[in-house]
Amino acid sequence: MSWIPFKIGQPKKQIVSKTVERDFEREYDKLQKLEDQTKKLHKDMKKSTEADIAMSKAAVKISADLLSNPLCEQDQAFLDSMTALDTAMRRMDSFNQEKVNQIQKTVIDPLKKYSGVFPSLNMAVKRREQTLQDYKRLQSKVEKYEEKEKTGPIMVKLHQAREELRPVREDFEAKNKQLLDEMPKFYHSRIDYFQPSFEALIRAQVVYFTEMHKIFSELTDQIDQAGLTDEQRERENEAKLGELRALSIVADD
């Protein structure tokens, strides 16, 4: 939140020092940036988990499509490989869902709850600003009567204006002090709040990728019977592709 001081009804007396106002703006600016960063992180984490789910579901779909390929009915070795792949993809999907659920509970939900605190903070700042404007308006009113000739009616109005000013001034000073005391505490508390979440995120990722290493190592052992290197497989595929291109039905005119 940013505010523009009113130009009318401004008192001659400076009721909030520039140092105090500068300190207030500095602390609130830090919290505004923290709010923006928290919202962005929450949004990015949701996108990340949604992408993870989409990826694993797509992998399961691909393995299922390969398993239903007619070639599986004709070649037992291919059927065995595709069955192993399908099993691995389904295991991957299961572990991925566990990871996503864990991240939802330990990271995304806490981020959402933390973001939910800022509207109350912004409202407290808004009330402080509203009280400050009332304070300035009433202080200006007091100064106006103080500058007039001290007649009976003017003295009565001056007394009334001062009485009207006093509770507003006290209210502003209380709100201002509370915010100046608590905004830095709120800002510094972010570390204690988020550290368990980020540690949980790391643990979830470690568990997931450890399981992925096991799953794909087992899959490699099952389907990599020939023990060919990637380069050898590439040369073999190129040779077979060359044989296909040599067929008259795919030859260029």
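Just so it is clear, the structure is predicted and the values come from calculations on it, not from any experiment. (Residues numbered from 1 in each chain as written. Predicted model: local features only at pLDDT ≥ 70, side-chain atom pairs only at ≥ 80, totals over all residues. Heavy atoms only, no water.)

Caption draft 1: Inspection of the overall build of the chain at higher detail. Regarding its fold elements, the chain presents six helices and zero strands. Going from the N terminus to the C terminus, the chain shows its helices and strands as α-α-α-α-α-α. Computed over the C-alpha atoms, the radius of gyration of the chain is 35 Å, more than 25% above the 18 Å expected from 2.2 N^0.38 for a compact globule of 253 residues. Along the first, second and third principal axes, the C-alpha atoms of the chain reach 115 × 50 × 30 Å. The burial tally for the chain puts 31% of its 253 residues in the buried class. Looking at the chain alone, contacts between residues at least 24 apart form 82% of all its contacts between residues at least 6 apart. Accessible surface, the chain: about 16,900 Å² in total, of which carbon and sulfur atoms supply 55%. Across the chain, the centroid of the 44 positively charged side chains sits 14 Å from that of the 45 negatively charged ones. (Helix = DSSP H or I, 4+ residues; strand = E, 2+ residues; numbered from the N terminus. Rg over C-alpha atoms; globule rule 2.2 N^0.38 Å. Buried < 20%, exposed > 50% of the residue type's maximum accessible area, 1.4 Å probe, protein only. Contact = heavy atoms within 4.5 Å. Areas by Shrake-Rupley, 256 points an atom, 1.4 Å probe, with all protein chains shown as cover. Lys, Arg positive; Asp, Glu negative; His and termini not counted. Charge placed at Lys NZ, Arg CZ, Asp CG, Glu CD.)

Caption draft 2: Main features of a negative patch on the surface. On the surface, a cluster of negative charge is made up of Asp 230, Glu 231, Glu 234 and Glu 238. Position of Glu 234 among the secondary structure elements: in helix H6 (residues 230-245). (Patch = residues over 30% accessible without salt bridge, like charges linked within 9 Å, V, L, I, M, F, W, Y side chains within 5 Å. Salt bridge = Lys/Arg side-chain N within 4 Å of Asp/Glu carboxyl O.)

Caption draft 3: Geometry of the layout of surface pockets. Here the second largest pocket is characterised by a volume of approximately 170 Å³. Along its surface, the second largest pocket is lined by Val 117, Leu 121, Ala 124, Arg 127, Lys 175, Gln 178, Leu 179, Glu 182, Met 183 and Phe 186. Elements that contribute at least two residues to the lining of the second largest pocket include exactly helix H4 (118-147) and helix H5 (152-223). Ranked by residues supplied to the lining of the second largest pocket, first place goes to H5 with six residues. (1 Å grid on protein atoms, 1.4 Å probe; cavity = no way out; pocket = protein on both sides within 12 Å on 5 of 7 lines; lining within 4 Å. Points joined across faces, edges and corners; volume = space filled by probe spheres on them.)

Caption draft 4: Up close: the side chain of Ser 63. Take Ser 63: it is sitting in helix H1 (residues 18-67). Separated by 2.9 Å, the side chains of Ser 63 and Asp 86 make a polar contact. (Polar contact = N/O pair within 3.5 Å; in protein donor to acceptor, adjacent residues only side chain to side chain.)

Caption draft 5: Quick look at H5. Taking 1.5 Å per residue as the helical rise, H5 with its 72 residues ought to reach 106 Å, and the 104 Å between its terminal C-alpha atoms agrees with that figure. Largest kink in H5: about 35 degrees, centred on Phe 194, with the proline Pro 196 one to four residues after it. (Expected span 1.5 Å × (residues − 1). Bend = angle between axes of the 7 residues up to and from the residue.)

Caption draft 6: Layout of the pattern of salt bridges. Taken as a whole and assessed by the stated rule, the structure comprises 22 salt bridges. The salt bridge partner of Glu 147 is Lys 12, with a shortest N-O separation of 2.7 Å. Of this pair, Glu 147 sits in helix H4 while Lys 12 is found in the segment before H1, placing the two residues 135 residues apart along the sequence. Each member of the pair, Glu 147 as well as Lys 12, carries the same accessibility label: exposed. For Asp 23, the salt bridge is made with Arg 26, and the minimal N-O distance between the two is 2.9 Å. In this pair, Asp 23 and Arg 26 both sit in helix H1, three residues apart, roughly one turn of the helix. Within the structure, one salt-bridge network assembled from shared partners comprises Asp 23, Arg 26, Glu 27 and Lys 30.

Caption draft 7: Region of interest: the confidence of the model for the chain. Chain-level pLDDT for the chain is 90 on average; 94% of the residues reach the 70-or-more range. Within the chain, the lowest mean pLDDT, 82, falls on helix H2 (residues 71-74), and the highest, 96, falls on H1. Low pLDDT, under 50, characterises residues 1-8; the stretch is placed with 16 contacts to residues that sit more than four places away or in other chains. (pLDDT = per-residue confidence, 0-100.)

Caption draft 8: Seen up close, the packing of H1 against helix H3 (residues 76-115). At a minimum axis distance of 8 Å, the contact between H1 and H3 shows a crossing angle of 165 degrees. Relative to H3, the element H1 is oriented roughly antiparallel. Crossing of H1 over H3 shows left-handed handedness. (Axes fitted to C-alpha atoms, helices over the stretch in contact; angles between N-to-C directions. Parallel < 35°, antiparallel > 145°, perpendicular 65-115°, else oblique. Left-handed = near helix turned anticlockwise from the far one by under 90°.)

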